[in-house]
Amino acid sequence: MPDPATEVPPAGRRTGILGGSFDPPHVGHVSVARDLVEELRLDRLLVIPAGDPPHREVTLTAEVRLDLTRRAFADLPGIEVSPMEIERAGPSYTVDTLEAIARRFPSDRLVLAIGADQLAAIHRWDRWRRIPELARIAVMPRSGREPAPSPKSTPIEYVVANVTRVDISASRIRQRLEEGRSVHLLVPETIRHDVERAWAGRRARHVTQ
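Small disclaimer: the values here were computed from a predicted structure and weren't measured.

(A) Spotlight on the overall build of the chain. For the chain, the helix and strand inventory stands at 8 helices and 6 strands. Each helix and strand of the chain, placed in order from N terminus to C terminus, yields the pattern β-α-β-α-β-α-α-β-α-α-β-β-α-α. If you take every contact in the chain between residues at least 6 apart in sequence, the share linking residues at least 24 apart comes to 71%.

(B) Fine view of the pattern of salt bridges. Enumeration according to the criterion identifies 15 salt bridges in this entry. Among the ionic pairs, arginine 13 bridges to aspartate 108, the shortest N-O distance being 3.4 Å. Of this pair, arginine 13 sits in the segment before β1 (14-20) while aspartate 108 sits in the loop between α4 (94-104) and β4 (109-115), placing them 95 residues apart in sequence. Salt-bridge contacts for arginine 130 lead to glutamate 133; the nearest nitrogen and oxygen are separated by 3.0 Å. Residue classification places arginine 130 among the partly exposed positions, given a relative accessible area of 33%. You can call glutamate 133 exposed: its relative accessible area is 58%. Connected via shared salt-bridge partners are Asp96, Glu99, Asp126, Arg127, Arg130 and Glu133.

(C) Highlighting the sheet that holds β4. Strand order in the open sheet formed by 6 strands is β3-β2-β1-β4-β5-β6, and the pairing between neighbours is parallel. The open sheet is flanked by β3 (79-81) and β6 (159-160), the only strands paired with a single partner. Across 5 bridges, the pairing between β1 and β4 is parallel. In the sheet register, threonine 15 faces β4, and the bridge partner there is leucine 110.

(D) Here's a closer look at the layout of surface pockets. Considering only enclosed or pocket space, the largest pocket measures out at about 1,200 Å³ in volume. Secondary-structure elements contributing two or more residues to the lining of the largest pocket are β1, α1 (27-39), α4, β4, α5 (116-120) and α7 (170-178). In the lining of the largest pocket, the residues fall into 20 nonpolar, 15 polar and 9 charged. Approximately 190 Å³ is the volume found for the second largest pocket. What lines the second largest pocket is Arg44, Leu46, Glu80, Val81, Ser82, Pro83, Met84, Glu87, Ala100, Ile101, Arg104 and Phe105.

(E) Geometry of the pairing of strand β5 (residues 136-140). Counting buried residues in β5 gives 4 out of 5 residues, a clear majority hidden from the surface. Where β5 lies against β6, 2 bridges are found, and the strand directions are parallel. Directly across from valine 139, in β6, lies its bridge partner valine 160.

(F) Layout of the packing of aromatic side chains. Inspection of every chain in the model, using the stated rule, returns 1 aromatic pair. On the basis of an interplanar angle of 90° and a centroid distance of 6.3 Å, the ring pair of phenylalanine 22 and phenylalanine 73 is categorised as edge-to-face. Highlighted residues: phenylalanine 22 in the loop between β1 and α1 and phenylalanine 73 in the loop between α2 (62-72) and β3, separated in sequence by 51 residues. In this structure phenylalanine 22 comes out as buried when scored by relative accessible area, which is 2%. In this structure, arginine 44 is placed above the aromatic ring of phenylalanine 105, and the distance from its NZ or CZ to the ring centre is 4.4 Å.

Cut-off values and rules
- Residues numbered from 1 in each chain as written.
- Predicted model: local features only at pLDDT ≥ 70, side-chain atom pairs only at ≥ 80, totals over all residues.
- Heavy atoms only, no water.
- Helix = DSSP H or I, 4+ residues; strand = E, 2+ residues; numbered from the N terminus.
- Contact = heavy atoms within 4.5 Å.
- Salt bridge = Lys/Arg side-chain N within 4 Å of Asp/Glu carboxyl O.
- Buried < 20%, exposed > 50% of the residue type's maximum accessible area, 1.4 Å probe, protein only.
- Pairing = 2+ DSSP bridges.
- 1 Å grid on protein atoms, 1.4 Å probe; cavity = no way out; pocket = protein on both sides within 12 Å on 5 of 7 lines; lining within 4 Å.
- Points joined across faces, edges and corners; volume = space filled by probe spheres on them.
- Nonpolar A, V, L, I, M, F, W, Y, C, P; charged D, E, K, R; others polar.
- Phe/Tyr/Trp six-rings, centres within 6.5 Å; stacked < 30°, edge-to-face > 60°.
- Lys NZ or Arg CZ within 6 Å of the ring centre and 35° of its normal.

Shown next, in the form of structure tokens:
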């Protein structure tokens, strides 16, 4: 497979897309985003919080997640946070997002960044065969292992994006928050107090219910 860092992009911007629930955004997200801009030689990376994730439940509201994500990525060169999935009604399907970006920026070369676990499950995504028609797929491996699609899916072309994976998960952060523990150094310091405050409010509401 070709190395994306050595390819000469065509006319127009090279635009990366990094989606997720960002429930909450954490320092691992920020580290990966920075590396993607460099590794894939992107002109910009669109970070897109899901409005209504079809494959998982979220804890914080879409508006709160969007605000926290904007602040977590504020002032990082080449990275933009987009509200497009939150502003769009219905489930946040990746294919719909890619089609919307392609319509709005027809000269851009799109690169969709996904994790190895997402590649393995891509055959369960809505209209997944359409995705590689809209964007090149860049897969972020885990633990140095070569990513692989599910044997149930048709072979799909992708490039490997070797990013620094920080051993932090949003589920681990949510567990600490539910226990009333600090998430210092796990989420950007610019949003830590608001993240902890949001969960403190959730715990208080659960106690009074």
